Amino acid sequence: MITVENLTKKFGAVTAVDSVSFTVKEGTIFGFLGPNGAGKTTTINILCTLLSATSGTAWIDNHDCMKEPSEVRKRIGIVFQDNTLDKELTAYENLLLHAYLYNIPGRKRKERIGEALRFVDLYERRNEQVKKFSGGMKRRLEVARSIVHQPRVLFLDEPTLGLDPQSRTHLWEFISTLPEKHRVTVFMTTHYMEEAEICDTIAIIDKGTIVAQGSPQELKRQVGGDSLFLTTTDNRRAAADLKALLGLDAEERDGELCITVSGGESYIPRVVQALTGRVLSVRLQKPTLNDVFLHLTGRTIRPETVSSGEEMRSIVRTYRRKFDNR
Ligand SMILES: Nc1ncnc2c1ncn2[C@@H]1O[C@H](COP(=O)(O)OP(=O)(O)O)[C@@H](O)[C@H]1O
Ligand SMILES: [Mg+2]
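Residues numbered from 1 in each chain as written. Chains lettered and ligands numbered in written order. Predicted model: local features only at pLDDT ≥ 70, side-chain atom pairs only at ≥ 80, totals over all residues. Heavy atoms only, no water.

## Topic: the coordination of the magnesium ion (ligand 2)
T41 (OG1) and Q81 (OE1) make up the full set of protein donors to the magnesium ion (ligand 2), lying at 2.0 to 2.3 Å. Remark: Q81 occurs in the loop between β6 (76-79) and α3 (91-101) and T41 occurs in helix α1 (residues 40-47); sequence separation between them is 40 residues. (Donors = N, O, S within 2.8 Å, 3.2 Å for Na, K, Ca; no water. Helix = DSSP H or I, 4+ residues; strand = E, 2+ residues; numbered from the N terminus.)

Structure, rendered in structure tokens:
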């Protein structure tokens with residue numbers, strides 16, 4: 001449904017997207033996972049025909065994003081990184097406006113809008129002004145709006161950014177059923193590891209380059225194993241026995257013995273048996289996507305934090321300027 005080949009976007013001296021290639025199969029959820037500034041939004045903007053690439057190609061449903069923008073636009077829906085609802089209008093009116101813009105015939109409008117609102121659990125709230133909605137409700141409403149015209153591909157740019165954990169989990173439930181319930185292919189970007197877990201395929205992007213692609217399971221397997229943590233009556237003696245009897249290297253960390261092995265579960269009975277009566281506890285830790293990113297880039301993905309007063313002041317200044325310019 002989506003094919004991208006050697007896509008590159010430069011902004012002056014900055015290469016925001018650097019020769020990126022990937023394909024997305026119909027009916028799947030594809031995730032672009034990467035830290036701030038990695039090039040996620042830039043890629044989405046090119047695919048959505050809002051930005052032209054410096055070089056490379058992109059197709060959606062066999063239409064060229066650069067050469068056939070109107071064909072591509074008919075087939076896509078988008079939830080932007082920043083909220084774009086009209087807060088003075090009701091939930092229903094926001095979707096109605098969208099239905100007009102997409103030329104949905106009059107007899108179908110009401111039904112399609114009702115269906116979309118029911119999908120995200122907002123039908124009962126349809127006649128309320130959006131300004132009274134919580135952050136999570138607004139996001140759900142944007143998802144509803146993006147499917148009213150029945151797109152084949154849906155783009156979600158950081159769909160749960162800034163939401164509390166509960167609203168995020170709630171939204172993931174809707175997103176994960178989109179392919180099945182609305183027959184769309186989903187392309188989403190995120191810097192939340194847990195969010196990437198709902199994707200069928202993930203591309204990890206860092207500094208404009210894709211550093212790894214695969215299912216969450218495949219990527220985690222690349223890290224090279226599970227960690228088995230043991231507490232024993234005598235860690236030093238246990239480590240020596242594990243080496244002698246099973247050939248395992250155990251390392252002591254904060255009072256626990258740590259063994260890195262693939263297929264950690266199958267080692268538990270062997271380890272317990274080898275150390276007869278001396279194992280006090282066993283804990284198995286599977287690698288996370290955070291470990292994958294760390295393994296590939298030597299850094300962890302963290303949402304941006306406002307760490308200093310100066311940064312906060314600079315953000316306030318930027319917002320003031322935006323506000324003054326309106
Ligand atoms: N319009 C623009 N002009 C100049 N630089 C830009 C523009 N848009 C994005 N960039 C730069 O491109 C890089 C990637 O940005 P972006 O695609 O927004 O990343 P992400 O969405 O992953 O956080 C960043 O270094 C950003 O500063
Ligand atoms: Mg972005």
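## Remarks on helix α9 (residues 235-246)
Residues that lie three or four places apart on an α-helix share one face, since the helix turns once every 3.6 residues. Between the first and last C-alpha of α9 there are 16 Å, a value that for twelve residues agrees with the 16 Å anticipated at 1.5 Å per step. Among all positions in α9, only N235, A238, A239 and L242 are buried. The buried side chains of α9 occupy one side of the element, clustering within an arc of 100 degrees when seen end-on. More than 90 degrees from the buried face of α9, the exposed residues found are R236, A244 and L245. Against the buried residues of α9 lie β11 (226-232), β12 (250-253), β13 (256-261) and α10 (267-274). Positive backbone phi, at 70 degrees, marks G247, one or two positions downstream of α9. (Expected span 1.5 Å × (residues − 1). Buried < 20%, exposed > 50% of the residue type's maximum accessible area, 1.4 Å probe, protein only. Arc of directions from axis to C-beta. Contact = heavy atoms within 4.5 Å.)

## Focus on the nonpolar core
Generally speaking, nonpolar side chains in soluble globular proteins are found buried as a group. Core analysis: the largest hydrophobic core is formed by 44 residues, its most contacted members being L95, L117, L141, L156, L178 and I202. Considering every element that reaches this core, the biggest residue donor is helix α5 (residues 135-147), with five residues. Other than its neighbours up to four places away in sequence, I202 contacts G31, L33, A196, A212, Q213, G214, P216, L219 and L289. Core analysis: the next-biggest nonpolar cluster, separate from the first, contains 28 residues, V4, C48, A58 and F187 among them. (Core = buried A, V, L, I, M, F, W, Y, C linked by side-chain atoms within 4.5 Å.)

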